[in-house]
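# Residue-level structure breakdown
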Amino acid sequence: RNNIKYFFIIAPIIIILATVYIFIAKDVYVSSATIRITKPNENVLEDSRQGYDAAYIDRFIANEILTMSDYKIRENIAKTLIDSFKNATDKNLFYYVKLEEGKISNDHKTIQELTGLLGGVISAEQNEKTDMVNISAESPSPLEAAIIANNCAVEYQKLNLEMNREKLTSIR
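Residues numbered from 1 in each chain as written. Predicted model: local features only at pLDDT ≥ 70, side-chain atom pairs only at ≥ 80, totals over all residues. Heavy atoms only, no water.

### Here's the deal with the pairing of strand β2 (residues 122-126)
Pairing geometry for β2 and strand β3 (residues 132-139), over five bridges, is antiparallel. Across the sheet, the residue bridging to Ile 122 is Ala 137, located in β3. What sits between β2 and β3 in their antiparallel hairpin is a turn of five residues, with Lys 129 showing a positive phi close to 60°. (Pairing = 2+ DSSP bridges. Helix = DSSP H or I, 4+ residues; strand = E, 2+ residues; numbered from the N terminus.)

### Focus: the sheet that holds β2
Ordered in space as β1-β3-β2, the three strands form an open sheet in which the pairing is antiparallel. On the outer flanks of this sheet lie β1 (29-36) and β2, each paired with one strand and no other. Strand after strand, the sheet turns through a mean of 20° between neighbouring axes, direction not considered. With eight bridges joining them, β1 and β3 adopt antiparallel strand pairing. Considered in β3, the bridge of Tyr 29 is made with Ser 139. Against the sheet, helix α2 (residues 54-68) makes contact with β1, β2 and β3, and its axis sits at roughly 170° relative to β2, the strand it touches most. (Axes fitted to C-alpha atoms, helices over the stretch in contact; angles between N-to-C directions. Contact = heavy atoms within 4.5 Å.)

### Here we look at the pattern of salt bridges
A complete count under the given rule lists three salt bridges for this structure. Of the charged contacts in the structure, one is a salt bridge between Arg 36 and Asp 131, with a shortest N-O distance of 3.2 Å. Pair noted here: Arg 36 is in strand β1 and Asp 131 is in the loop between β2 and β3, with a separation of 95 residues, a long-range link. (Salt bridge = Lys/Arg side-chain N within 4 Å of Asp/Glu carboxyl O.)

Below, the structure is given as structure tokens:
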């Protein structure tokens, strides 16, 4: 009988808090891009017939996933976001870039602030038993999430191309 009294006190409090949270919480959108990781030495100039054990390939892909959240890649994404923000007619389409939340403002965060912030926004994970990696970005703005995820994939591909060109140059 003593528990019934507490139940009727606590239950309405929980319902009120849940209702308040539902109306106050921001929607979070997730955008993703999927890319294929080429195995090491998989190009026309090198012998691709040599076998690799699964542990080596998994470690290679894990290293590539870490590369996707590299500071330089995040910095380039931040520059792209700021450029998109400057060219946008509706500045409210951007959540992370805006200097002050809730106010109509044409000011944006610095590249360093945005680069640091992107570390917690971008995530990458390997699709199980494949050489595909799913890059995802979360934001209360669907446009911003899409820009972040797509640019992360593009910046990784640019970096990978640059590294492969360096290998090619050193082979010659």
